[in-house]
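Commentary on secondary and tertiary structure
Spelled out from the first residue to the last, the chains are:
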Amino acid sequence: MSGADQSKIKRRQFLAGAAAAPAVAAVALNGSPARAQAASVPAVPNAAGEVNPPGEATPLPEGYTCGSDHMVDVLKALDIEYIASNPASTFRSLQESIINYGGNSKPEFLTALHEDSAVHYGIGYARITGKPMAALVHGVVGLQHATMAIYNAFADQTPVYVIAGNSISEWTRRPGAESAHASIDQAQMVRDFVKWDEQPPSLRDFSNAAARCYQAAVTGSPGPTLLVADADHQEEAVHPEHMEQLHVPRMGRITKVGADSGVVQEIADMLCNAENPVIVVDRFGTSMESVPLLVELAEALQAPVIDTRGRMNFPNKHPLNHTEIAGPTLRAADLVLALEARDLFGMVNNLADTVERNAVSRLRPQTRVVRLGTTTLSQRSNYGASQRYAAADIEISASAEATLPYLTEAVKRGAKASFRTRGERLRMATSGLAEATRVEAARAWEASPISTARLAAELWDQIKNDEYTIATECQFQSYWPNRLWTMNHYYNYLGTSGGFGVGYNAPSAVGAALANRALGRLTIGIVGDGDYMMQPGVIWTAAHHQIPILMIIHNNRGYHQETMHIQRMAARHNRGIDRAHIGTAINEPNIDYAAVAKGMGVFAEGPVSNPVDLGPALRRALDVVRRGEPALVDVVTQPR
Amino acid sequence: MRSIRLLAGAAAILVPILIAGSAFAADAAAGEEAFVRFGCYTCHGYEGQGAGTGPKLAPEPLAFDAFSTFVRQTSGDMPPFTPATLSDEELQNIHAYLESIPATPDPASIPLLQQLQ
């Protein structure tokens, strides 16, 4: 290597120290080896960095490594299994290190067709595993694409590890797109809804920043974090003598923190002394331990449980599950224990969608409320996923899951003979629910479009012997899966998006399927047509990476929620109510979702509009899924 | 989208309803068309079966007087629909459509439902 070449290598050399000043001066005149070459290509303003080939890179000298190899070492130390990404120049070195230096394993690179879906994959994955996977996004524009998914993760307390490329130094940016994709403070655009962000100032600082981002994502109230990986640090040549100074962090075991023993005993006393204690639970079911813990508490207390279905929190067929009769159960309560409840006001009040916005309490005036959970730890001043402020009589910002073993023991110590009588009464209250639900499901049984109850029943017939996950929000199917199927485990239902950003369901379901693949579980997504069309490319990613999932399009041919909104406004404004389809219908032409999926190499059926055709179509699709591939069935459905 | 009901065969079932001292022969087929056009189906389903967004309307709908009073005067999540947006005749036709919807099949006759716990 010539002396001139070596001086150019030094520009990106790790720990340049006192040599930095002359190196920087050289950059000002000459640019980097790789980028100097690129600069010789005629630049097209605003596009050159993306449309022109990169310059011929000068190979690293013998024994040197690159900064992005070190970054891969760090990601391996953090046990990041997958990194989903839409490829981009601001992390070209890191991508190359992942697939070559890292062997494309832990992390494995997943090709996403949009940064929004790259982050959403991480949400579904974390709902199953409890740990983050990574999304790698382009500087500025990629992060802008990713923001809604990051917000969903924030609003629903789900850990996602986002890494964004950048070209911080204006001295080394290539012309055109690379300059447009650089930012001094890139995290600013998401800082209101990430738990932590860092842009390490040097390669040496990368590992600690990366570890802090990971730690912040999973501790306390989980959430998304952002690590900015500068392109210069990725492409930096690291001298062999300096490698040992690149520290790879060790992550210790991270535990959940429960409430202190004094307040635990206080709550237990309140529960034991209450006449009608009620447990309301939102985002509690996040691990194999959580559901059995809640069952043990409810049975020890003989108290009803109302599951607001932010997760799968409590077995849906358990006789103490009073979700379907929540109104009278709450009205009878003299004490409410709210677990992992983000929107406490919404839990205990009904707010009519009228001009006046009158709220009616679901509780009697004297009913006391105790909130236990981590939801208050994720509050931000600029964004809220709750309605009005609601004060609990006791507010405990601690993990409900970590607290419940101690709370249950304290309740058992204070148990009273009257608990048994109460339990018998509560069981009687739910004894007729199953038959009432069947009667309700039988309505419109033969209808076309197909009823969502029929869809759920046909599906259950074919998956009832599987370990399964329904990875999509079921309120759009009137919660029929939650009402008809048997759900006993946290992974049977993953809850809601939190941020309610349209486009959540399909990609997060693929992320859940990715995690379930290793566990041998069947993953199902029932996705609205409008939601699906935000990210239809996710089914290609599933095919490309052989992620088995049954994707069902709940095709009501419209943005149905919005149709209802427009109709409501038209009625309120005393105008015609027959034009609410304008701007909300997805028809004329109808979208052929099966054809779209087939075009991406995926087995697909539909549109299925006759209910007698549904069972066979699902069976054929499930045969494909059980072979390890994705399949899609387009079902023309009733609105909800 | 219009409902294609497989059971009802909703062709022009005429249901006489007495209103305000005059007889009007309500038209179930026209009622089905109005049920869709005015968006009743969006919350209640194409057959009025009910959903998470709105209660069951059929089979066995409310008597017309109670039905009409609710539609005209409700103050809850469902907005009131005045004669300016939904005429009396259209409302009667919609009610006739709901009355024409056949009884729900016995769940015991549906094997898929019987296997549910």
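About the criteria used
- Residues numbered from 1 in each chain as written.
- Chains lettered and ligands numbered in written order.
- Predicted model: local features only at pLDDT ≥ 70, side-chain atom pairs only at ≥ 80, totals over all residues.
- Axes fitted to C-alpha atoms, helices over the stretch in contact; angles between N-to-C directions.
- Helix = DSSP H or I, 4+ residues; strand = E, 2+ residues; numbered from the N terminus.
- Parallel < 35°, antiparallel > 145°, perpendicular 65-115°, else oblique.
- Left-handed = near helix turned anticlockwise from the far one by under 90°.
- Contact = placed C-beta atoms within 7 Å.
- Nonpolar A, V, L, I, M, F, W, Y, C, P; charged D, E, K, R; others polar.
- Buried ≥ 20, exposed ≤ 12 C-beta atoms within 10 Å, placed from the backbone.
- Pairing = 2+ DSSP bridges.
- Domains from an automatic or database assignment.
- Expected span 1.5 Å × (residues − 1).
- pLDDT = per-residue confidence, 0-100.

Here we come to the packing of helix H12 (residues 261-273) of chain A against helix H16 (residues 400-413) of chain A. Residues and elements named next belong to chain A. Relative orientation of the contacting elements H12 and H16 amounts to 50°, with a least axis distance of 9 Å. Of the possible angle classes, the one that applies to H12 and H16 is oblique. Between H12 and H16 lies a crossing whose hand is right-handed. Counting all contacts with H12, which are made through Ser 261, Val 264, Gln 265, Ile 267, Ala 268, Leu 271 and Cys 272, the residues of H16 involved are Thr 403, Tyr 406, Leu 407, Ala 410 and Val 411. A per-class count over the contact of H12 with H16 returns 9 nonpolar, 3 polar and no charged.

Our next topic: the pairing of strand S7 (residues 224-230) of chain A. All names here are of chain A. Burial analysis of S7 places 7 of its 7 residues in the buried class, which makes it a mostly covered element. Of the two faces of S7, the one lined by Pro 224, Leu 226, Val 228 and Asp 230 and the one lined by Thr 225, Leu 227 and Ala 229 are each fully buried. Pairing of strand S6 (residues 196-198) with S7 involves 3 bridges; the strand directions are parallel. Paired with Trp 196 across the two strands is Thr 225, which belongs to S7.

All names here are of chain A. Domain boundaries assigned for chain A yield domain 1 (11-245), domain 2 (261-431) and domain 3 (443-636). Contact residues are listed per partner, giving 22 residues for domain 1 and 27 residues for domain 3. Mapped by element, the contributors of at least two residues to the side of domain 1 that touches domain 3 are strand S3 (108-111), helix H7 (115-129) and helix H8 (141-155). With 11 residues, the single largest contributor to the side of domain 1 that touches domain 3 is H7. In terms of residue class, the side of domain 1 that touches domain 3 is made up of 11 nonpolar, 8 polar and 3 charged.

Another point: the interface of chain B and chain A. Contacts between chain B and chain A engage 39 residues on the former and 44 residues on the latter. Those elements giving two or more residues to the side of chain B that touches chain A turn out to be helix H2 (40-44) and helix H5 (111-114) of chain B. Take the side of chain B that touches chain A: its biggest share by element is 3 residues, from H2(B). Broken down by class, the residue content of the side of chain B that touches chain A amounts to 19 nonpolar, 15 polar and 5 charged.

Moving on to the packing of H7(A) against helix H21 (residues 505-519) of chain A. Residues and elements named next belong to chain A. It is at 6 Å that the axes of H7 and H21 come closest, and there the two elements cross at 45°. Taken together, the axes of H7 and H21 lie oblique to each other. Judged by the sense of rotation from one axis to the other, the crossing of H7 with H21 is right-handed. Side by side, H7 and H21 meet where Ser 117, His 120, Tyr 121, Gly 122, Ile 123, Gly 124, Tyr 125, Arg 127, Ile 128 and Thr 129 of the first sit next to Pro 507, Ser 508, Ala 509, Val 510, Gly 511, Ala 512, Leu 514, Ala 515 and Asn 516 of the second.

Our next topic: the sheet that holds strand S18 (residues 550-555) of chain A. Within a sheet, each strand pairs with its neighbour through backbone hydrogen bonds, oriented either parallel or antiparallel. Residues and elements named next belong to chain A. Ordered in space as S16-S17-S18-S20-S19, the 5 strands form an open sheet in which the pairing is parallel. Two strands lie at the open edges of the sheet, namely strand S16 (468-470) and strand S19 (603-608), each paired on one side alone. For this sheet the average axis-to-axis angle between neighbouring strands, irrespective of direction, equals 15°. Sheet analysis places S16 next to strand S17 (residues 522-528), joined by 3 bridges and oriented parallel.

Our next topic: the sheet that holds strand S15 (residues 394-397) of chain A. Residues and elements named next belong to chain A. On the basis of which strands lie adjacent, the open sheet formed by 5 strands has the order S10-S9-S11-S14-S15 and parallel pairing. Edge positions in the sheet fall to strand S10 (305-307) and S15, since each has one partner strand and no second. Averaged over neighbouring strand pairs, the angle between their axes works out to 15° when direction is ignored. Direction of pairing for strand S9 (residues 277-281) relative to strand S11 (residues 335-339): parallel, over a ladder of 5 bridges. Of the residues in S11, the one forming a bridge with Val 281 is Leu 339.

Attention now goes to helix H13 (residues 290-301) of chain A. In an α-helix, one turn spans 3.6 residues; hence positions three or four apart end up facing the same way. Compared with the 16 Å implied by 1.5 Å per residue over 12 residues, the 17 Å span of H13(A) between its first and last C-alpha is a close match. Looking at the buried positions of H13(A), the neighbouring elements they touch are H12, S9, S10, H16 and helix H17 (418-430) of chain A.

Attention shifts here to the environment of Ser87(B). Relative to the helices and strands, Ser87(B) is located in the loop between helix H3 (64-73) and helix H4 (88-100). In this structure, the C-alpha to C-alpha distance between Ser87(B) and Thr42(B), residues 45 residues apart in sequence, is 19 Å.

Attention shifts here to the confidence of the model for chain A. Residue and element names in this part refer to chain A. Across chain A, pLDDT averages 91, with 91% of residues at or above 70. Across residues 1-12 the pLDDT falls below 50, and counting only partners more than four positions away or on other chains, this stretch makes 20 contacts in the model. Between residues 14-49, whose pLDDT stays under 50, and residues either more than four places distant or in other chains, the model counts 70 contacts.

Our focus in this paragraph is unusual backbone geometry. Residues and elements named next belong to chain A. Cis rather than trans, the peptide bond between Ser 448 and Pro 449 has omega equal to 5°. Here Pro 449 lies in the loop between helix H18 (433-442) and helix H19 (452-463). That bond from Gly 606 to Pro 607 is cis: its omega, 5°, falls within 30 degrees of zero. Position of Pro 607 relative to the elements: it lies in strand S19. A positive phi angle, near 45°, is found at Lys 106, a position not held by glycine. Position of Lys 106 relative to the elements: it lies in the loop between helix H6 (92-101) and S3. Within the chain, Gln 546 stands out as a residue other than glycine whose phi angle is a positive 50°. With respect to the helices and strands, the residue Gln 546 is situated in the loop between helix H23 (538-544) and S18.

This brings us to the pairing of S11(A). All names here are of chain A. Counting buried residues in S11 gives 5 out of 5 residues, a clear majority hidden from the surface. The two faces of S11 match: Leu 335, Leu 337 and Leu 339 on one face and Val 336 and Ala 338 on the other face are all buried. Strand direction decides the pairing type here: S11 and strand S14 (residues 368-373), joined by 5 bridges, are parallel. Opposite Leu 337, over in S14, you have Val 370 as the bridge partner.

Residues and elements named next belong to chain A. Considering the arrangement of structural elements, one finds Asp 307 in strand S10. Taking the C-alpha atoms as reference points, Asp 307 and His 322, separated by 15 residues in sequence, lie 7.8 Å from one another. Once residues lying within four places of it in the same chain are set aside, the contact partners of Asp 307 are Val 281, Asn 313, Phe 314, Asn 321 and Thr 323.

With that settled, the discussion passes to the confidence of the model for chain B. Residues and elements named next belong to chain B. Averaged over every residue, the pLDDT of chain B is 84; the share at 70 or more is 80%. When pLDDT is averaged over each element of chain B, H4 comes out on top at 97 and strand S1 (residues 14-19) at the bottom at 48. Every residue in residues 1-14 scores below 50 in pLDDT, and together they form 37 contacts with partners more than four places removed in sequence or on other chains. For this predicted complex, the interface confidence comes out at an ipTM of 0.86, alongside a pTM of 0.91.

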